Amino acid sequence: MSDTNELVQRYIAAWNETDAAARRAVLAEVFAEDGVYVDPLVSVRGRDGLDATIAAVQGQFGGLVFSLGGAVDAHHDVARFTWHLGPEGAEPVVVGFDVAVIGQDGRISQVLGFLDKVPAGV
């Protein structure tokens, strides 16, 4: 995948995919097999780890959807983007931003996630 915007859009789509097999297929497309995902709540390595993380988030925030909060900013092999999690078309419940490193194969090799707005008790 050569277009960074498309890569990030597909990555966000993986976070919204509730069918486990379809989600794993999207992750195989966009996330390196040994990729690393780190945010304040979790640190995992590999597609299986990220898949389990996504499933847990979906379980905690069922019915909410991820969306881009603005344009993807990228240079060289690095992209940063704000994302929202909330009811479709409504004010987000959670807001964060990710910095993604893109490997030579065009897949995301590392995601460093930050949380800017989180509901109490999470």
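This report concerns the structure included in the present document.

Reading the values: the criteria
Residues numbered from 1 in each chain as written. Predicted model: local features only at pLDDT ≥ 70, side-chain atom pairs only at ≥ 80, totals over all residues. Heavy atoms only, no water. Helix = DSSP H or I, 4+ residues; strand = E, 2+ residues; numbered from the N terminus. Rg over C-alpha atoms; globule rule 2.2 N^0.38 Å. Buried < 20%, exposed > 50% of the residue type's maximum accessible area, 1.4 Å probe, protein only. Arc of directions from axis to C-beta. Contact = heavy atoms within 4.5 Å. Salt bridge = Lys/Arg side-chain N within 4 Å of Asp/Glu carboxyl O.

1. A few points about the overall build of the chain
Then, in step 1: A count of helical and extended segments in the chain gives 3 helices and 7 strands.
Then, in step 2: Along the chain, from the amino end to the carboxyl end, the secondary structure elements read α-α-β-β-α-β-β-β-β-β.
Then, in step 3: The C-alpha atoms of the chain give 13 Å as radius of gyration, which agrees with the globular expectation for 122 residues (14 Å, within 12%).
Then, in step 4: The principal-axis extents of the C-alpha atoms in the chain amount to approximately 40 × 30 × 25 Å.
Then, in step 5: Across the 122 residues in the chain, those meeting the buried criterion constitute 35%.

2. Here we look at helix α2 (residues 20-30)
Residues that lie three or four places apart on an α-helix share one face, since the helix turns once every 3.6 residues.
Then, in step 1: Those residues of α2 that fall on the buried side of the exposure criterion are Arg23, Val26, Leu27 and Val30. Projected down its long axis, α2 shows its buried positions confined to an angular sector of 100 degrees, all on one face.
Then, in step 2: Buried residues in α2 make contact with α1 (4-16), β1 (31-39), α3 (46-60) and β7 (108-117).

3. Brief notes about the pattern of salt bridges
Then, in step 1: Following the criterion strictly, the structure yields 6 salt bridges and no others.
Then, in step 2: One salt bridge in this structure joins Glu29 and Arg10, with 2.9 Å as the shortest N-O distance. Within this pair, whereas Glu29 is found in helix α2, its partner Arg10 is found in helix α1, the two being separated by 19 residues in sequence.
Then, in step 3: Measuring nitrogen to oxygen at the nearest pair gives 4.0 Å for the salt bridge that ties Glu91 to Lys117. Of the two residues, Glu91 is situated in the loop between β5 (78-86) and β6 (94-102) and Lys117 in strand β7; the sequence distance between them amounts to 26 residues.
Then, in step 4: Judged by relative accessible area, Glu91 falls into the exposed class, the value being 61%.
Then, in step 5: Several salt bridges share partner residues, and in doing so they unite Arg23, Arg24 and Asp51 into one network.

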